[in-house]
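These are the residues of each chain, in order.
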Amino acid sequence: MRKPVIAGNWKMYKLIADSVATVLALKPLVANANHCEVVVAPVFTAIKTVTDRLEGSNIHVAGQDCSTESKHGAHTGEVAADMLRDAGASHVIVGHSERRHLYHESDSFVNRKAQAGLAAGLTVIMCVGETLEQREGGMAERVVRGQLEGGLRDLTASDLDRIIIAYEPVWAIGTGRTATPEQAQEMHAFVRRVFAGRFSQEAASRLRILYGGSVKPDNIAGLMKQADVDGALVGGASLDAETFARIVHYDR
Ligand code: PEP
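Keep in mind it's a predicted model, so treat the numbers as computed, not measured.

J.: Sorry if this is basic, but what is going on with the side chain of Ser238 here?
T.: Among the structural elements, Ser238 can be located in the loop between β8 (231-234) and α11 (241-248). Take Ser238: its relative accessible area is 1%, and that puts it in the buried class. A polar contact is formed between the side chain of Ser238 and the backbone oxygen of Val234, at a distance of 3.2 Å. When residues no more than four places from it in sequence are discounted, the contact partners of Ser238 are Gly8, Asn9, Trp10 and Phe244.

Rendered as structure tokens:
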């Protein structure tokens with residue numbers, strides 16, 4: 001039985017005071033959400049304050065990214081995965097399409113970040129997804145397979161319970177255009193098959209695969225009804241506590 005994950009990616013929004021106000025508003029709204037894991041990913045500078053204020057709650061905190069480097073050293077501007085852990089985070093997002101496209105992160109770079117996150121004891125949410133051009137060119141599966149194979153390289157069986165895949169078609173992120181539940185299911189089933197081929201059927205059956213791309217309170221239920229959709233990575237709609245809580249409670 002896979003426990004669903006509903007994760008909110010706040011991107012580069014919210015100062016510390018707003019981040020704290022949002023989680024304090026969210027806390028009571030999701031306190032009884034035992035059916036899923038709830039995660040929020042504030043900006044780096046807010047993580048410590050947010051985790052302190054969330055102590056004892058069922059809301060987990062993620063970094064939105066981490067360094068490829070585990071060893072502390074001369075890497076100006078970088079944040080090591082164990083520094084995220086030190087600040088209270090339990091999860092880290094790697095390979096978000098904004099990092100891949102705006103900052104040219106390759107699959108091997110994403111792989112190094114995943115390895116760094118795992119080595120620090122974090123649960124890694126690895127994002128994959130094709131662009132509109134790639135989908136229309138019939139390349140979606142090939143692209144996603146490449147991202148998975150590159151991103152998961154050298155991971156071992158013991159890492160797999162701390163890997164979550166987020167399928168986020170780039171054409172659906174922040175566009176208001178969501179994949180249909182059927183499109184999401186088709187790609188999620190494909191991701192699970194690739195994972196089974198790379199590792200084992202057993203590991204694949206435990207893998208949680210989140211959908212991301214304009215998830216809102218009114219489309220989450222249809223997505224969650226799909227056999228291989230195990231949760232959501234939510235951008236815009238996670239910024240407001242009440243809206244995000246409605247997504248968390250997709251089962252009502
Ligand atoms: C995201 O940032 O991962 C995302 C899916 O954004 P949105 O929900 O706004 O499309």
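Okay, back to it.
J.: What should I look at first to understand the site of the ligand in this one?
T.: Among the 14 residues in the neighbourhood of the ligand, the closest are listed as Lys11, Glu168, Gly174, Ser214 and Gly235. The contact in question runs from an oxygen atom of the ligand to an N or O atom on the side chain of Lys11, over 2.8 Å. In this structure, Gly235 approaches the ligand through a main-chain N or O atom, which is 2.8 Å from an oxygen atom. Of the residues belonging to the shell around the ligand, the class tally is 4 nonpolar, 8 polar and 2 charged.

J.: In this structure, what is going on with the pairing of strand β6 (residues 163-167)? I would like to understand it.
T.: Of all the 5 residues making up β6, 5 are buried; the element is thus mostly covered by neighbouring parts of the structure. The side-chain alternation of β6 yields two buried faces, one formed by Ile163, Ile165 and Tyr167 and the other by Ile164 and Ala166. In the sheet, strand β5 (residues 123-128) pairs with β6 via 5 bridges, with the strands oriented parallel. Note that in β6 the partner of Val128 across the bridge is Tyr167. Relative to strand β7 (residues 208-212), β6 runs parallel, the two being bridged by 4 bridges. Its bridge partner lying in β7, Ala166 is registered against Leu210.

J.: What exactly am I supposed to notice about the pairing of strand β3 (residues 59-63) here?
T.: Remark: a regular strand shows side chains that alternate across the two faces of the sheet. Across the 5 residues that make up β3, a large majority, 4, are buried. Taken together, the 3 bridges between strand β2 (residues 37-41) and β3 define a ladder with parallel strand orientation. Looking at β3, one finds that Val40 is bridged to Val61. In this view, the connection linking β2 to its parallel neighbour β3 by way of helix α2 (residues 44-53) has right-handed handedness. Inspection of the sheet shows β3 paired to strand β4 (residues 91-94) by 2 bridges, in the parallel sense.

J.: It is not clear to me how the packing of aromatic side chains should be interpreted in this structure. Could you clarify?
T.: One pair of aromatic rings is described through two measures. These are the centre distance and the angle between the planes. Evaluated as defined, the whole model comprises 2 aromatic pairs. Of note, Lys14 hangs over the ring of Trp10, and the distance from its end group to the ring centre comes to 5.4 Å.

J.: Looking at this structure, I do not really get helix α1 (residues 16-30). What am I missing?
T.: With 15 residues, α1 extends 21 Å between its outermost C-alpha atoms, agreeing within 8% with the 21 Å of an ideal straight helix rising 1.5 Å per residue. Taken residue by residue, α1 has Ser19, Val20, Thr22, Val23, Leu26 and Val30 as its buried positions. Along the axis of α1, the buried residues cluster in a sector spanning 160°; they form a single face. Residues of α1 that are exposed and point over 90 degrees away from its buried face: Ala17 and Pro28. The inward-facing, buried residues of α1 contact β2, α2, β3 and α11.

J.: When you look at the nonpolar core in this model, what are you seeing that I'm missing?
T.: Counting residues in each nonpolar core, the largest one holds 72 residues, and the members touching the most others are Ile6, Leu152, Ile163, Ile165, Phe195 and Tyr211. Sorting elements by how many residues they give to this core places helix α8 (residues 181-198) first, with 7 residues. Setting aside chain neighbours within four positions, we find Leu152 in contact with Asn111, Met126, Ile163, Ile165, Phe195, Arg198 and Phe199. In terms of nonpolar packing, the next biggest core, distinct from the first, is built from 12 residues, Ala62, Ile125, Cys127 and Leu233 among them.

J.: Which parts of the structure should I look at to understand the sheet that holds strand β1 (residues 5-9)?
T.: The strands that make up a sheet are held in pairs by hydrogen bonds between backbone atoms, and each pair lies either parallel or antiparallel. Taken together, 8 strands build a closed barrel; the order of strands is β1-β2-β3-β4-β5-β6-β7-β8 and the barrel is parallel. With strand direction ignored, the average angle separating the axes of adjacent strands in the sheet is 25°. Packing against the sheet, helix α7 (residues 140-151) makes contact with β5 and β6, and its axis sits at approximately 150° to β5.

Thresholds applied
- Residues numbered from 1 in each chain as written.
- Predicted model: local features only at pLDDT ≥ 70, side-chain atom pairs only at ≥ 80, totals over all residues.
- Heavy atoms only, no water.
- Helix = DSSP H or I, 4+ residues; strand = E, 2+ residues; numbered from the N terminus.
- Buried < 20%, exposed > 50% of the residue type's maximum accessible area, 1.4 Å probe, protein only.
- Polar contact = N/O pair within 3.5 Å; in protein donor to acceptor, adjacent residues only side chain to side chain.
- Contact = heavy atoms within 4.5 Å.
- Near = heavy atom within 4 Å.
- Nonpolar A, V, L, I, M, F, W, Y, C, P; charged D, E, K, R; others polar.
- Pairing = 2+ DSSP bridges.
- Right-handed = clockwise from strand over helix to strand, strands pointing away.
- Phe/Tyr/Trp six-rings, centres within 6.5 Å; stacked < 30°, edge-to-face > 60°.
- Lys NZ or Arg CZ within 6 Å of the ring centre and 35° of its normal.
- Expected span 1.5 Å × (residues − 1).
- Arc of directions from axis to C-beta.
- Core = buried A, V, L, I, M, F, W, Y, C linked by side-chain atoms within 4.5 Å.
- Axes fitted to C-alpha atoms, helices over the stretch in contact; angles between N-to-C directions.

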